[in-house]
Amino acid sequence: MKIATRLLLAACLVLPFAACKKQEAAAPVETAPLTAPASNDDAAWKAYLQDVVTRNMGDITNSPFVYYLTSQSNPKFEGDYKGQLDQVRNALARGIVGGNLIAFGSPESAKMADIAVAGFKDVPPDTMKKVKIIFIGQAADSERVKAAVTATGADYVFVEAK
């Protein structure tokens, strides 16, 4: 009986330390941020955008809405442009509730900015409070996207694609 009691006591003393070791080992490893692809490779751009969005989620817990536009060298560019523009307009017309994140990114920063500006054109003022909007592109395009987004009450974040 003494042996069983001693084994139980030893197990009770060792268990909390073993649990602490597992938690330390499970801590996530911080990786270096990706850089914007120098090429127009869609897979590389999508991986880059996913990395940027994940790093900028903050307190957003809902799945983000990410709008991506291919390069103009892609034969499907015109159709992709019109399709993304329609999707953005429709989504914003339905309304976006607080706690959501919308990201815009593309190797074609100016064209993606055009889509964002056109999409936010008809959004009523102060209807997107607690919504985070991320524009991933060139600094030259950021100000016009910011101007279109700010009136809606959304939180605007610019990440320079570099």
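Residues numbered from 1 in each chain as written. Predicted model: local features only at pLDDT ≥ 70, side-chain atom pairs only at ≥ 80, totals over all residues. Heavy atoms only, no water.

1. Observations regarding unusual backbone geometry
- Residue Asp126 is not a glycine yet carries a positive backbone phi of 55 degrees.
- Here Asp126 falls in the partly exposed class, since its relative accessible area comes to 48%.
- Even without glycine at this site, Lys130 takes up a positive phi of about 65 degrees.
- One can find Lys130 in the loop between helix H4 (109–120) and strand S3 (132–137). (Buried < 20%, exposed > 50% of the residue type's maximum accessible area, 1.4 Å probe, protein only. Helix = DSSP H or I, 4+ residues; strand = E, 2+ residues; numbered from the N terminus.)

2. Considerations on the sheet that holds strand S4 (residues 155–160)
- Within the open sheet, the four strands sit side by side as S1-S2-S3-S4. Their pairing is parallel. Two strands lie at the open edges of the sheet, namely strand S1 (65–68) and S4, each paired on one side alone. On average, each strand axis in the sheet is inclined to that of its neighbour by 15 degrees, with strand direction left out of account.
- Note: S1 against strand S2 (residues 101–105), four bridges, orientation parallel. Across the sheet, residue Tyr67 finds its bridge partner in S2, namely Phe104. (Pairing = 2+ DSSP bridges. Axes fitted to C-alpha atoms, helices over the stretch in contact; angles between N-to-C directions.)

3. Regarding helix H5 (residues 139–150)
- Here H5 spans 17 Å end to end across 12 residues, near enough to the 16 Å set by a 1.5 Å rise per residue.
- Along its buried surface, H5 packs onto H4, S3 and S4. (Expected span 1.5 Å × (residues − 1). Contact = heavy atoms within 4.5 Å.)

4. Considering helix H2 (residues 42–55)
- For H2, with 14 residues, the first-to-last C-alpha span of 20 Å sits near the 20 Å given by 1.5 Å per residue.
- Turning to H2, its buried residues are Trp45, Tyr48, Leu49, Asp51, Val52 and Val53.

5. Examining the nonpolar core
- Ranked by size, the top nonpolar core spans 27 residues in total, and within it Leu92, Ile102, Phe104, Phe120, Met128 and Ile133 carry the most contacts.
- At the level of elements, helix H3 (77–94), S2, H4, S3 and H5 are the ones that each hand at least two residues to this core.
- With near-sequence residues (within four places) excluded, Met128 lies in contact with Leu92, Ile96, Ile102, Phe120, Val123, Ile133, Thr152, Gly153 and Ala154.
- Formed by 15 residues, the second largest nonpolar core is a distinct cluster that contains Ala36, Tyr48, Val52 and Ala161. (Core = buried A, V, L, I, M, F, W, Y, C linked by side-chain atoms within 4.5 Å.)

6. Some remarks on the packing of aromatic side chains
- Applying the stated criterion to the full structure yields five aromatic pairs.
- Ring centres of Phe104 and Phe120 lie 6.2 Å apart, and the angle between their planes is 65 degrees; on these two criteria the pair is classed as edge-to-face. One end of the pair, Phe104, is in strand S2; the other, Phe120, is in helix H4, and 16 residues separate them in sequence. As far as the burial class goes, Phe104 and Phe120 line up, both buried.
- Note on Phe135 and Phe158: the rings are 6.3 Å apart at their centroids and 20 degrees apart in plane angle, and the pair reads as stacked. One end of the pair, Phe135, is in strand S3; the other, Phe158, is in strand S4, and 23 residues separate them in sequence.
- Taken together, the ring pairs in this structure connect Tyr67, Phe104 and Phe120 into an aromatic cluster.
- Seen from the ring of Tyr81, Lys111 lies directly overhead, with NZ or CZ sitting 5.1 Å from the centre. (Phe/Tyr/Trp six-rings, centres within 6.5 Å; stacked < 30°, edge-to-face > 60°. Lys NZ or Arg CZ within 6 Å of the ring centre and 35° of its normal.)

7. Quick look at the packing of H4 against H5
- It is at 9 Å that the axes of H4 and H5 come closest, and there the two elements cross at 10 degrees. With respect to each other, H4 and H5 are oriented roughly parallel. Counting all contacts with H4, which are made through Ser109, Ala110, Ala113, Asp114, Ala116, Val117 and Phe120, the residues of H5 involved are Asp141, Arg144, Val145, Ala148 and Val149.
- When the residues that make up the contact of H4 with H5 are grouped by side-chain class, the tally is eight nonpolar, one polar and three charged. (Parallel < 35°, antiparallel > 145°, perpendicular 65-115°, else oblique. Nonpolar A, V, L, I, M, F, W, Y, C, P; charged D, E, K, R; others polar.)

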